[in-house]
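# Fold and contact review
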Amino acid sequence: MQFLIDNFPLLWDAFLTTLSLSLLAGVLALVLGTALAAFRVSPIPPLRGLSTFYVETFRNTPLTVVFFFIIFGLPQIDFSVGFFTGSVLAVGLYTAAFVCEAVRSGINAVSAGQAEASRAIGLTFGQSLREVVLPQAFRSVVPPLGNVWIAMVKNTSIAAGFAVSELTASMQRLSNANAGELVLVLVAVVVGYMLITLPSAYAISRVERRVAILR
Amino acid sequence: MSGVDKWFGELHVLQDIDLSIDRGEVVVVIGPSGSGKSTLCRTINRLESIENGEITIDGQQLPAEGKELAKLRADVGMVFQSFNLFAHKTVLENVTLGPIKVRKQSKADAEKRARELLDRVGVGAQADKVPAQLSGGQQQRVAIARALAMDPKVMLFDEPTSALDPEMINEVLEVMVGLARDGMTMVVVTHEMGFARKAANRVVFMDGGRIVESSTPEEFFTNPSSDRAKDFLSKILNH
């Protein structure tokens, strides 16, 4: 126990790093993923093509490779980002592809009549998406988006390999220095991740019940 | 509309359709299933595109896509068979969405007018419910109010009573008859012959993607000129 108390500041810092990495990447993924989903269903073919290309590229590339591209590849074209920013970009850009697919499935689940009715009262494509289709689509994709979020929180652990002192990095550091306390270190790190994911799971099911719509 | 053709793949659903509707006229389109009557109705606000011919509303050619088309659709009210009320919005919000977003009315003005319209169609008391809490007949009347809120030049009704219980058909038809009396220009695709007799200025009978007959209701129901219409009427009016 004394070991944990001694190392609490380090673990707490690591936890906060994981949390901020997750939140920033999560916002990026949600905004970009939603835009990509809107592109994917738009009447403009080049936008649809762009979105499909993006999704297939990021969804089918291992996240570690995305990290390498952003942190070591971008400087090759004279565009350097720091390790933390690079990690946010890598996780966010990668996760956006999955958010896009989840939101798109929600859009497809909204009946065609809803979009027809909104066009019939004179809403433009963008207005119909914003006012009618997306609000209904999001309601039905709360559970899959929750899955994406939880997977993403755990995916931030790859940043440990790129000089970001988050939870997994602190685990490596503490266990290397204190081999005798290995199990304790592992448990502490797992608890750190769960402090983010378990409340998320609870919040997700709350949100799901709150926004459910009568049909 | 003149010389309008539409195909669904190989299927020629609208064949060389010529139809002109005067302001204030109520045109009822009847015909067997698959005759193209719903498609005809949906081409008028371009929910279905056409391959040939042209459609003009109030002297203005139907634009292809984009903002111009949205503007035109705002002037053309549409009521669907399956109501299509916005499921996540209250009844009041359903009616005010178009006026606020498209007509740029203030929320207060739009709500005042929406409540008047909801009262007019007899569902004023349901304003704060969501669509799923309403009966089919009530939902369809809300849909009519939603279309009316845009002050349309013409109203399209695509089988507005086909999804309703028999008891609820009348409450919707009464609202429509009222509209017709008030001089609204209407195109109504329906199987309700009673409505056609009561409210129509003209009956258009379609079969196989063509307009077979176009005449006054009296003439159509008592003395149809085509064999196809005679055959159709004999099947539906005999019981």
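Since the model is a prediction, treat every value here as computed from it, not as a measurement. (Residues numbered from 1 in each chain as written. Chains lettered and ligands numbered in written order. Predicted model: local features only at pLDDT ≥ 70, side-chain atom pairs only at ≥ 80, totals over all residues. Heavy atoms only, no water.)

### What to know about the environment of B:Arg197
Residue and element names in this part refer to chain B. Along the chain, arginine 197 falls in helix α7 (residues 193–199). A relative accessible area of 47% means that arginine 197 is categorised as partly exposed. Counting along the chain gives 84 residues from arginine 197 to arginine 113, while the straight-line C-alpha distance between them is 31 Å. Setting aside residues up to four positions removed in sequence, arginine 197 forms contacts with Pro217, Phe221 and Leu237. (Helix = DSSP H or I, 4+ residues; strand = E, 2+ residues; numbered from the N terminus. Buried < 20%, exposed > 50% of the residue type's maximum accessible area, 1.4 Å probe, protein only. Contact = heavy atoms within 4.5 Å.)

### Quick notes on the pattern of salt bridges
Residue and element names in this part refer to chain B. Taken as a whole, this structure holds 23 salt bridges over all chains when the rule is applied. The closest approach of N and O atoms between aspartate 58 and arginine 23, which form a salt bridge, is 2.7 Å. Of this pair, aspartate 58 sits in the loop between β5 (56–57) and β6 (60–61) while arginine 23 sits in the loop between β2 (11–17) and β3 (26–30), and the two are 35 residues apart along the sequence. Given a relative accessible area of 46%, aspartate 58 falls into the partly exposed group. A salt bridge links aspartate 231 to arginine 228, with the shortest nitrogen-to-oxygen separation between them at 3.5 Å. Here arginine 228 and aspartate 231 lie together in helix α9 (residues 227–237), a separation of 3 residues that amounts to about one turn. (Salt bridge = Lys/Arg side-chain N within 4 Å of Asp/Glu carboxyl O.)

### Structural notes on the environment of B:Met193
Within the secondary structure, B:Met193 sits in helix α7. If we ignore the near neighbours within four places in the chain, the residues touching B:Met193 are B:Ile30, B:Phe221, B:Phe232, B:Ile236 and B:Leu237.

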